[in-house]
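The residues making up each chain are set out below.
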Amino acid sequence: MINVQNISFSYAHNEVLKDISFDVAPGECVGILGNNGAGKSTLITCLNRIRKPKTGALYMDGQDMLKVERRKAAQFISYVAQKSEGGQMTVFDAVLLGRKPYFNWALSDGDIAACEDAVNNIGLGDLKLRYLNELSGGELQKTMLARALAGEPKLMLLDEPTSSLDPKNQCEVMELVRTAAKEKSISVIMVIHDLSLALRYCDKFLFIKSGLVYKYGDAQVITEETISVVYGVKSTIAEVNGRKIVVVG
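Let me sum up the structure you'll find in this document. Fair warning: this is a prediction, and the values are worked out from it, not measured in the lab. Throughout, a residue's number is its position along its own chain's written sequence, starting from 1. The predicted nature of this model means local features are confined to residues of pLDDT at least 70 and side-chain atom pairs, given and counted, to a pLDDT of 80 or more, with totals for whole chains, interfaces and linings taken over all residues. Calculation of side-chain values draws on the structure's entire complement of heavy atoms; hydrogens and water are dropped beforehand.

Considering helix H5 (residues 137-150)
Line of reasoning, step 1. The helix count covers DSSP runs of H or I at least four residues long, the strand count covers runs of E at least two residues long, and both are numbered beginning at the N terminus. Take the residue count of a helix, subtract one, and multiply by 1.5 Å to get its expected span. Over its 14 residues, H5 extends 20 Å from the first C-alpha to the last, a length consistent with the 20 Å expected when each residue adds 1.5 Å.
Line of reasoning, step 2. Burial classification: accessible surface area is computed with a 1.4 Å probe over protein chains only, and a residue below 20% of its type maximum counts as buried, one above 50% as exposed, and the rest as partly exposed. Counted residue by residue, H5 has 11 buried out of 14 residues, so it is predominantly covered.
Line of reasoning, step 3. Contacts between residues were defined by any pair of non-hydrogen atoms, one from each residue, lying within 4.5 Å. Contacts made by the buried residues of H5 are with strand E6 (77-80), helix H3 (91-96), helix H4 (109-121), strand E7 (155-159) and helix H6 (167-184).
Line of reasoning, step 4. Once H5 ends, the next one or two residues include Glu152, with phi positive near 50 degrees.

This is the structure in structure tokens:
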């Protein structure tokens, strides 16, 4: 069980996050929801130690990952940023960087095997020798996801993993995330803006408003009233082909 306790963060005197607490079970996908500036991405970067929270803890296996040595924390937690840059590096080499927290003097057979497994599971086997700057946006995002999985994490932090993708690639990436979470018992915390996509692929939902947890729970917390309070817009929640969708306006 992943236990996030009382995370608070401020930019100078501007308090962005205020005592954020929630739990995530193994294999569970949690969507972080809220309007722009609510503190969603800030929360992710606090949990990943890119930013240092003013207060709080992230407990995994009884250890506070915000206090252990960084290399050890990186063996438990993988992170996929909102945007990734291509370059003169092959897909396989990029995925291999996911093993960096485990590197010693030389790559081990286990490192290579973990990368091969991640590349093949994400469906990038035919592209592993292609350079990143030759990939489409969807292929690049899948490569970053494979890199995160190569680290064999217990927690994956994703910051808007579908923000620049077309609908087909959005669904493919989200399906890959959910499948990996279930099959490998990885807890996933992701920032996501598309409420319908979140309803389809996430198990729980954390609404942040003005730096505070407004609601946390399963799909029942996504209501027209909650959307109105958090986003300031009217919406209709409907069911299409057995799935709930959110229509704004």
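Quick notes on the sheet that holds strand E3 (residues 29-33)
Line of reasoning, step 1. Between any two strands, pairing holds if DSSP finds at least two bridges. Here 6 strands make up an open sheet; going across it, the order is E6-E7-E8-E3-E9-E10 and the pairing mixed. Lying at the two open borders of the sheet, with one neighbouring strand each, are E6 and strand E10 (212-217). Each strand of the sheet is rotated relative to its neighbour by a mean of 15 degrees, with strand direction disregarded.
Line of reasoning, step 2. Relative to E10, strand E9 (residues 204-209) is paired through 5 bridges, and the arrangement is antiparallel. Residue pairing in the sheet places Phe207 in a bridge with Lys215 of E10.
Line of reasoning, step 3. Packing against the sheet, helix H1 (residues 40-47) makes contact with E3, E6, E7, strand E8 (187-191) and E9, and its axis sits at approximately 145 degrees to E8.
Line of reasoning, step 4. Packed on one face of the sheet, H5 meets E6 and E7 and runs near 170 degrees to E6. An axis is simply a line fitted to the C-alpha atoms; with a helix, the fit covers only the stretch in contact. Between two such axes, the angle follows the N-to-C directions and lies from 0 to 180 degrees.

Everything listed is a geometric property; what it means functionally is a separate question.
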